[in-house]
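# A look at the structure
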Amino acid sequence: MTNELPRIDKLYDLSGQVAIVTGAAEGMGREIARYLAAAGADVAVADINRPGAEQAAAEINEGGGRGRAYDLDQSKEDSVVDMVSAVRRDMGGLHILVNNAGIQDREVLENTSVALWDKLQAVNLRGPFLCVREAARVMRADGTRGRIINISSMGSLHPIFEGLVAYNATKAGINALTRNAAFELAADGITVNAVLPGATPTEGQARAPGPPVDEETIRHMMPPLGRAGTPGDIANAVLFFAAPGASHVTAQFLVVDGGHLNR
Ligand SMILES: NC(=O)c1ccc[n+]([C@@H]2O[C@H](COP(=O)([O-])OP(=O)(O)OC[C@H]3O[C@@H](n4cnc5c(N)ncnc54)[C@H](O)[C@@H]3O)[C@@H](O)[C@H]2O)c1
């Protein structure tokens, strides 16, 4: 025991680590990529929106970090396999995967078509499953005690407003994916955790197809802490799980919702 204080900077130092952030062309993903880069990680910005991914990576590089854009349609197995192996080849390994990409299409239960259900399942659940599987294969093969962080939603635990049956079913699947993958990968020192955002205004959320949300619902969305969430609030929670100081934390859900679910 010495009197030396813990080095907080070391507990959050990601130097020499390679991170993939899916859906990092905009919204929360872009901010998560910026936070990981600020902590020293080399970041693969993987997105279906190639120009957006290029721009997000360029902004990281201009800010003094290291970012690189990759094509990804996570609903397609080949695309996930190709992206993960390209990152490993180009960047020299894989230490952190943030499964952030998702779509937020809404529809009330009775109008939810099989096509909408299947689209949400393919992008929001099959995609993250494929990314976890491919990352686990690489991390295990390389002996990397890696970190996987899945972006779920507070709505996976409790209904928030109408129109989110199919979407929240995918996010509940993310929670089960998180805990089961954490169980299977623990022996290799790989942690798997989830961040569950509350309402966080982003480009994608504003654009999401679905019935209009009425004024009363919007008022109800203001959480007890008195402001909406920001992408930075979510990125900070992701950084906690990714950082060296969290090496003994796995299979956990961190709800970042300003107290919304606690009313
Ligand atoms: N914004 C919120 O209030 C909120 C709340 C809870 C959970 N979430 C979840 O957080 C994550 C990010 O949300 P956001 O609001 O930043 O969304 P966003 O739409 O702003 O960003 C999502 C990104 O994912 C990309 N993407 C979409 N489909 C893809 C695919 N098939 N393959 C690869 N990339 C794809 C998009 O191009 C975009 O860059 C999502 O998983 C979302 O479900 C958001």
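Below or above, wherever it landed, is the structure these notes cover.

Cut-offs applied
- Residues numbered from 1 in each chain as written.
- Predicted model: local features only at pLDDT ≥ 70, side-chain atom pairs only at ≥ 80, totals over all residues.
- Heavy atoms only, no water.
- Near = heavy atom within 4 Å.
- Polar contact = N/O pair within 3.5 Å; in protein donor to acceptor, adjacent residues only side chain to side chain.
- Areas by Shrake-Rupley, 256 points an atom, 1.4 Å probe, with all protein chains shown as cover.
- Nonpolar A, V, L, I, M, F, W, Y, C, P; charged D, E, K, R; others polar.
- Helix = DSSP H or I, 4+ residues; strand = E, 2+ residues; numbered from the N terminus.
- Expected span 1.5 Å × (residues − 1).
- Buried < 20%, exposed > 50% of the residue type's maximum accessible area, 1.4 Å probe, protein only.
- Arc of directions from axis to C-beta.
- Contact = heavy atoms within 4.5 Å.

Attention now moves to the site of the ligand. Taken together, the neighbourhood of the ligand is formed by 28 residues, with Asp47, Asn100, Tyr167, Thr200 and Thr202 sitting nearest. Measuring from an oxygen atom of the ligand, one finds a side-chain N or O atom of Asp47 at 2.6 Å. With respect to the ligand, the backbone of Leu72 contributes an N or O atom lying 3.3 Å from a nitrogen atom. Protein contact buries 94% of the 840 Å² of open area that the ligand shows by itself. When its residues are assigned to classes, the shell around the ligand shows 10 nonpolar, 14 polar and four charged.

With 13 residues, helix H3 (residues 50-62) ought to run about 18 Å at 1.5 Å a step, and its terminal C-alpha atoms sit 18 Å apart, in line with that. Buried within H3 we find Gly52, Ala53, Ala56, Ala57 and Ile60. Here the buried residues of H3 occupy an arc of 130° about the axis, which is enough to place them on one side. Set apart from the buried face of H3 by more than 90 degrees, the exposed residues are Pro51 and Glu62. Where the residues of H3 are buried, they touch helix H2 (27-38), strand S2 (42-47) and strand S3 (66-71). Regarding H3, its N-cap is Asn49, as a side-chain oxygen of that residue lies 2.8 Å from the backbone nitrogen of Gly52 further along. Remark: Gly64 follows H3 within two positions and exhibits a positive phi of approximately 100°.

In short, shape yes, function no, at least from these values alone.
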